[in-house]
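The primary structure of each chain is shown beneath.
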Amino acid sequence: MERRLLTFVVASTAFFIFYTWVRMTFIPPEPKLADTAAEVLVEDGSSSVDVTQTEGDQAAAETVAENTAKDGEPTEETIAVEQPADPTWITLGSMAPEAGYYLLVTLNTRGAGIERIEMTERNEAGALRYRRVDVRSGYLGYLAAESSSNADGVVVNVVGPGTPAEAAGIQLGDVIISLAGQAVTNREQLNQALSQTKPGDEIQLTLLRGEMQSEVTLSAKLSEHPLDLVRLAKDGGADQVPGNLSRASCLLTLSQVNRKSIEPSGRNIAGLVDPMNLIWNVDSSISVAAETSTSAAAMSLELSAAEMSVVNGDAVRLKRNYSLAPGSYDLDMTIQIDNLSDESQDLAYRLEGANGITLEGWWYSNKISPHWGGGAAARDIVCQSQAGSHRLLSGFNLLNRAKKETADPNETIFAGDSGESERNLRYIGVDAQYFTVAYIPTEGKDFFTSLRRASAGIAAEATEIPRHQERAVNTTFFLDSRVAEVPAGSSLRQELRLFAGPKQPAILEQYGLEDCIYYGWFATFAKILSGLLHVLDNVGNYALAIILLTVIVRGCMFPLSRKAAVNAQKMQELAPEMKKINERYKDDMEGKLRAQRELQQRVGFNPLAGCLPMFIQLPIFIGLYRALSVDIELRQAAFSSSTDWASNLAAPDMFLFWGDGLWDYFSGRGTGWLGPYFNLLPVVVVILFLTQQKMFMPPATDEQTAMTQKMMNIMTLMMGLFFFRVPAGLCIYFITSSLWGICERILVKKTLPDTKHFDSTVLEGVGGKADKSQSLVDRLKSQVAKPDMPIERPNQRKRPPKKK
């Protein structure tokens, strides 16, 4: 064994020496970047090479130099920098109403990324403005719970300020062994126990605390579940799909060190330890500013000369700062790379974007895409540069690319050879139906001007995403900075902001993200209807506002509706004559159509006049549907505050959960026709539609008409199947419109004249001069099918007499 090991070491050393000699002899050194590149970074203001060397950085550089042998090989002291053994969690913001924060951010020192962002903004009544609409259970707080190695329970790793967990007295390191009378040994059991509770419930928890593991019993009052806008895939609940990866957001790594860079299909430089997987040090600068109540955190990671030597680099230090102010949707971020070497290094960083954006309602929602080629997924990549307009990269297309292009699964947004205006990025982020999480420049800056490359991709195993659930794929992106020559003891620095908030026009306009709101077709109608609903909401709630809007629309259309009723009455008068025409022209479809057209022209009847109200309602129907799909004010708007049923008018009413009792083909999320909930309102809509057809459809005059009416009934049932998952607000519009139509038709029928609309002489012929021995159908047939003039054959024609 020792002989083989010695042989391996000797052979490896010889190969490394030979490779180094060949590289230095035959491969010319790569030219350094021009100084103008550094000057551009300095002028940008959002990214800079700091040529000012601090005393701490100089001391660190000298320490690295002293610990390095003269022959260039690292000593034992430079093999690796000591790092924490276990990760820690840091929170910014608060859930407490009096704190005034809009966000509660949870950071993880493993990778120094963002693990969770919760929306904690309150409305005028003190309730959460944006809660999670896909769960109805109580909320204790995000605990980052892990199974304990010392007891049957879960360890509490983080307690968010203002959460029910903090109010109950839960502390870091506590081990929860039971909750609400149920034993808890892992994270799944903890979530299962909480899923059986409701907001406002007071539950009992049994904990083990301290080194002595003394048992403690606490009481906690649960709250509503705030929207976890950014979360790990494993915390997605029932809406999560297999294949999505649980990965922290906004992770940082080195994209290039001197000549070594990340491969197209990789996430880090091959051979180099990945900072995204290492545990960073928490600096002592974590604080809450007393003047502004701004909470901040700082983390750092040092890569030793030995660790960097595998990519022909030297020691560097990575730093990350986060700060969050109350009443703000943006998280300020600072990235800094310190060159600890005694020589200059060519450095660049890669910053990943957010992932794990909320999936709420992906199986029933209809996110509108501006592209014809394919629909939008639940999470898409949006961006805009100085050169072009708003751009959306569909999650569907990113998933398909990852399946086909395994060597380069990411779609390039711009590259190093792109024009400068294309690389001047205004924003880039992940877009959901009602929320957006995006990188934007710091205040006072319009663009990022220090980026070299941007690409979009997925944070998922492409082949493991189930069929028909592709809309839920986890999408993300990354940004590569320009390669800059960083002198010894200097730093590469980048400042930016992360916006994480709702897609409200006024809010997005403040951050330059207004193009993220897209209504699609009939956008004008959708915006007008949204504005009317906001005005009518003052009378009570949005359900009542939709009812009033329907009444206003149908009231304005009353003259047209009455004309349609008169038209239907005329059609009934013509029914006997139409029946005779059908009998006479059984086998002659063309002749029958000509005869019907002749009859309608004779009496002055337009069969399309009754369809005008339907065509006028079409833009209103589509506009309201688009408003429900885009306007965030209608999200979370309840039918009634006294019940949990139809608690979100932008979603199905979810009357009864039947997902466990039906086949997945019918009740699966994304895979089923009906979805996991029985919805009551679509059933009411179909019943009203069928009632209208039975009450007001004229009696069939022949077998063909009867068959047509039966097909209309079947189509109505099919429409109910396809519309089974439409928003409850749209169903309220249909129900109100149908009830109005029934009442309107009954009242209009009483106001119609009792006399006939057509004079018998008109039906029989113009001016009564027609032969009354013939019926109208016979006369029409004689007009339509007149005998053709006889044509003589050429050989039978007589020659004209010759002139004498």
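Refer to the structure above for everything that follows.
Residues numbered from 1 in each chain as written. Predicted model: local features only at pLDDT ≥ 70, side-chain atom pairs only at ≥ 80, totals over all residues. Heavy atoms only, no water.

Trainee: Any chance you could break down the nonpolar core for me, citing the residues and the numbers?
Mentor: Ranked by size, the top nonpolar core spans 94 residues in total, and within it I428 and Y439 carry the most contacts. Residue contacts for I428: discarding those within four places in its chain leaves I381, V382, C383, I413, A438, Y439, A454, F477 and L479. In this structure, V553, V726, Y733 and F734 belong to the second largest nonpolar core, which totals 33 residues. (Core = buried A, V, L, I, M, F, W, Y, C linked by side-chain atoms within 4.5 Å. Buried < 20%, exposed > 50% of the residue type's maximum accessible area, 1.4 Å probe, protein only. Contact = heavy atoms within 4.5 Å.)

Trainee: Break down the sheet that holds strand β4 (residues 113–119) for me, with residues and values.
Mentor: Here 4 strands make up an open sheet; going across it, the order is β2-β3-β4-β11 and the pairing antiparallel. The sheet terminates laterally at β2 (89–93) and β11 (228–230), the two strands that pair on one side only. On average, each strand axis in the sheet is inclined to that of its neighbour by 25°, with strand direction left out of account. (Pairing = 2+ DSSP bridges. Helix = DSSP H or I, 4+ residues; strand = E, 2+ residues; numbered from the N terminus. Axes fitted to C-alpha atoms, helices over the stretch in contact; angles between N-to-C directions.)

Trainee: Run through the pairing of strand β3 (residues 103–108), naming residues and quoting values.
Mentor: Within β3, 6 of the 6 residues are buried, which leaves the element mostly enclosed by the surrounding structure. Burial along β3 is two-sided: the face carrying L103, V105 and L107 and the face carrying L104, T106 and N108 are both buried. The pairing of β2 with β3 spans 5 bridges and is antiparallel. What sits directly across from I90, in β3, is L107. For β3 and β4, the ladder comprises 6 bridges, and the chain directions are antiparallel. Its bridge partner lying in β4, L104 is registered against E118. Between the antiparallel neighbours β3 and β4 lie 4 residues, among them G111 with a positive phi of about 90°.

Trainee: Residue-level account of the packing of helix α12 (residues 558–584) against helix α18 (residues 728–751), with values.
Mentor: Closest axis-to-axis distance for the α12/α18 pair is 10 Å, and the angle between their directions is 65°. For the element pair α12 and α18, the recorded crossing hand is right-handed. Counted together, F558, S561, R562 and A565 of α12 and E744, R745, V748 and T751 of α18 form the full contact between these two elements. A breakdown of the residues in the contact of α12 with α18 according to their chemical character gives 3 nonpolar, 2 polar and 3 charged. (Left-handed = near helix turned anticlockwise from the far one by under 90°. Nonpolar A, V, L, I, M, F, W, Y, C, P; charged D, E, K, R; others polar.)

Trainee: How would you explain helix α7 (residues 395–404) if you had to name every residue and give the values?
Mentor: Among all positions of α7, only G395, L398, L399 and A402 are buried. Axial view of α7: buried residues confined to an arc of 100°, hence all on one face. Capping of α7 at its N-terminal end is provided by S394; its side-chain oxygen lies 3.1 Å from the backbone amide nitrogen of F396. (Arc of directions from axis to C-beta. Polar contact = N/O pair within 3.5 Å; in protein donor to acceptor, adjacent residues only side chain to side chain.)

Trainee: Outline the environment of P727, supporting the account with residue identities and numerical values.
Mentor: Mapped onto the elements, P727 comes out in the loop between α17 (703–722) and α18. The class of P727 is buried, set by a relative accessible area of 8%. Those residues in contact with P727 that lie beyond four places of it in its chain are Y625, L628, L649, A650, A651 and P652.

Trainee: Hey, could you go over unusual backbone geometry for me, with residue numbers and the actual values?
Mentor: Even without glycine at this site, A144 takes up a positive phi of about 50°. Tracing the backbone shows A144 in the loop between β4 and β5 (146–147). Classification of A144 as buried rests on a relative accessible area of 3%. One non-glycine residue, N312, lies in positive phi territory at about 60°. Of the residues examined, N312 reaches a relative accessible area of 55% and is grouped as exposed.

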